[in-house]
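Analysis of the macromolecular model
Residue-level listing of the chains:
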Amino acid sequence: MAGERVVLYVAPEPGRARAGFVVSKRVGGAVARNRARRVLRAAWRSLAPSVTEGLDTVFIARDTIQGAKTQDLEPEMRELLRRAGAIAS
């Protein structure tokens, strides 16, 4: 599933819901990549309790993530998870 700033991959995996975050050099230098990773993790922390158990999710940042805030990413990530069937509407 692709959003404006994030791409989502979901795979079934027994156990608790886990997440991985990928930010390539296309996003920018080390500071920009680390900031993008921090923002993605913060958005995930607020969404994780509502994600279905037994799913591994991978969020890949697109270059349009630059300058985005947690409040900007949360609704996009929630919608991607909903479309993937990983979260209840």
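Bear in mind that the values here come from a model prediction, so they are computed numbers and not experimental data.

For the structure on display, the rule yields four salt bridges. Between Asp56 and Arg18 there is a salt bridge, with its nearest N and O atoms 2.8 Å apart. You can see Asp56 sitting in strand E3 (residues 55–61) and its partner Arg18 sitting in strand E2 (residues 18–22), a full 38 residues away along the chain. The residue Glu79 makes a salt bridge to Arg82 at a minimum N-O spacing of 2.5 Å. Of the two residues, Glu79 and Arg82 are both situated in helix H2 (residues 70–83); the distance of three residues between them amounts to about one turn of the helix.

Of the residues in the chain, 98% reach a pLDDT of 70 or more, and the chain-wide mean stands at 93. Per-element averaging of pLDDT across the chain places E2 at the bottom with 94 and helix H1 (residues 30–47) at the top with 96.

With that settled, the discussion passes to the sheet that holds E3. Taken in spatial order, the three strands of this open sheet run E1-E3-E2, and their pairing is mixed. Two strands in the sheet have a free side with no partner beyond their single neighbour: strand E1 (6–12) and E2. Here the average twist between neighbouring strands, direction ignored, is 20°. Summarising the sheet, E1 and E3 pair through seven bridges and their orientation is antiparallel. Each residue of the ladder has a partner; that of Val7, found in E3, is Ile60.

Quick notes on the rules
- Residues numbered from 1 in each chain as written.
- Predicted model: local features only at pLDDT ≥ 70, side-chain atom pairs only at ≥ 80, totals over all residues.
- Heavy atoms only, no water.
- Salt bridge = Lys/Arg side-chain N within 4 Å of Asp/Glu carboxyl O.
- Helix = DSSP H or I, 4+ residues; strand = E, 2+ residues; numbered from the N terminus.
- pLDDT = per-residue confidence, 0-100.
- Pairing = 2+ DSSP bridges.
- Axes fitted to C-alpha atoms, helices over the stretch in contact; angles between N-to-C directions.

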